[in-house]
Amino acid sequence: YRIASINEVHHRVKNNLQTIISLVGLEAAQTGDAEVKSFAKTIISRICSISVTYDLLAHTGTDSVNLKTMLNRVVEGSLNNCQMGNLKIYANVDGDDLDLTANMASTVALIVNELIQNSLKYAFGSRDVGTIHLSIEKGEECSWITVQDDGCGFDEKAVRKPGSGLGLKLVDSLVKSSLKGEIHVSSSSQGTQTRFSFRNGPRKSCAAE
């Protein structure tokens, strides 16, 4: 009975998220404003990344989701939802296996989606080929996810200016406030790497691990 109840909740959440996605898409289709369309596309991408978690949960009937499976789905969805022209992206996920609770999984999915979208928008310029690599490192109390691209990098000082780098500001806030983790970003002409942590259990934070 408990499994059936959990499954029903996950189905409802997934269906509600799909309804929101449809409504945002319909509203965006009614406007000719390119900025509004772009904003709607960003919102839809973020909701889709959360929906991935509940879709997986609805099919397993449990209250946890396999991180590697979820990240592969998020990567696939991010690439499919982005208009990349002639750009070919090679993406892969490797590392340790672990399961996350629904709330933590949906937050991680949103963070990873945001990082991938940033790479797709800014990292590769006029190139024909790019690479995005994700790795999972399971620690005793906290684990880490690394998102690495081989793009052109960005000016870290410029991103810190008011009104810029909204995606990274959102990621920073989610990691520190929701996951109680740490985040480290490095960027150069060889690409950008973002590494963030999250708790494996009830520990208050991942600071200084």
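Just above sits the structure.
Residues numbered from 1 in each chain as written. Predicted model: local features only at pLDDT ≥ 70, side-chain atom pairs only at ≥ 80, totals over all residues. Heavy atoms only, no water.

(A) Main features of helix α4 (residues 102-122). An ideal rise of 1.5 Å per residue puts 30 Å on 21 residues; α4 measures up with 30 Å between its terminal C-alpha atoms. Most of α4 sits out of view: 18 of its 21 residues are buried. (Helix = DSSP H or I, 4+ residues; strand = E, 2+ residues; numbered from the N terminus. Expected span 1.5 Å × (residues − 1). Buried < 20%, exposed > 50% of the residue type's maximum accessible area, 1.4 Å probe, protein only.)

(B) Quick peek at the state of the cysteines. On inspection of all chains with the given rule, the structure shows one disulfide. One disulfide in the model links C142 with C206; its S-S distance is 2.1 Å. Every disulfide takes its handedness from the sign of the S-S torsion; for C142 and C206 that torsion is -95°, giving left-handed. With a gap of 64 residues between them, C142 in strand β5 (residues 142-149) and C206 in the segment after β7 (191-199) connect regions that are remote in the sequence. Look at C206 and you get buried, because its relative accessible area is 0%. (Disulfide = S-S within 2.5 Å.)

(C) Representation of the packing of helix α2 (residues 34-60) against α4 within the structure. Packing of α2 against α4 leaves a shortest axis separation of 9 Å and a crossing angle of 140°. In this view, α2 runs oblique relative to α4, as classed from their interaxial angle. Of the two possible hands of crossing, α2 and α4 adopt the one that is right-handed. Residue-level contacts link T42, S45, R46, S49, I50, T53, Y54 and L57 of α2 to A102, N103, A105, S106, A109, L110, N113, E114, Q117 and K121 of α4. Here the contact of α2 with α4 is composed, by residue class, of seven nonpolar, eight polar and three charged. (Axes fitted to C-alpha atoms, helices over the stretch in contact; angles between N-to-C directions. Parallel < 35°, antiparallel > 145°, perpendicular 65-115°, else oblique. Left-handed = near helix turned anticlockwise from the far one by under 90°. Contact = heavy atoms within 4.5 Å. Nonpolar A, V, L, I, M, F, W, Y, C, P; charged D, E, K, R; others polar.)

(D) The arrangement of unusual backbone geometry in detail. Of note in the backbone geometry, K180 takes a positive phi value of approximately 55° without being a glycine. Position of K180 relative to the elements: it lies in the loop between α6 (166-178) and β6 (183-188). Exposure remark for K180: the relative accessible area of 37% places this residue in the partly exposed category.

(E) Here's a closer look at the pattern of salt bridges. For the structure shown, the criterion picks out five salt bridges. Residues R73 and D55 are paired through a salt bridge, measuring 2.6 Å at the closest nitrogen-oxygen approach. Note that R73 is positioned in helix α3 (residues 67-81) and D55 in helix α2, a separation of 18 residues in sequence. For R73, a relative accessible area of 30% gives the class partly exposed. (Salt bridge = Lys/Arg side-chain N within 4 Å of Asp/Glu carboxyl O.)

(F) Fine view of the packing of α3 against α4. The interhelical angle for the contact between α3 and α4, taken along N-to-C directions, is 40°, at an axis separation of 10 Å. As for the relative orientation of α3 and α4, their crossing is right-handed in sense. Mapping the contact onto sequence places L67, M70, L71, V74, V75, S78 and L79 in α3 and A105, V108, A109, V112, N113, I116, Q117 and L120 in α4. Of the residues belonging to the contact of α3 with α4, the class tally is twelve nonpolar, three polar and no charged.

(G) Highlighting the sheet that holds β5. As summarised here, the arrangement of the five strands in space is β2-β4-β5-β7-β6, forming an open sheet in which the pairing is mixed. Because the sheet does not close on itself, it has two edges, and the strands there are β2 (88-95) and β6. Here the average twist between neighbouring strands, direction ignored, is 10°. Taken together, the seven bridges between β5 and β7 define a ladder with antiparallel strand orientation. When the sheet's bridge partners are listed, I145 is paired in β7 with F196. Contacts from α3 reach β2, β4 (129-137), β5 and β7 within the one sheet, and its direction differs from that of β2 by about 170°. In the packing of α4 onto the sheet, the strands contacted are β2, β4, β5 and β7, and the crossing angle to β7 comes to about 175°. (Pairing = 2+ DSSP bridges.)

(H) Here's a closer look at the environment of I145. Mapped onto the elements, I145 comes out in strand β5. For I145, a relative accessible area of 0% gives the class buried.

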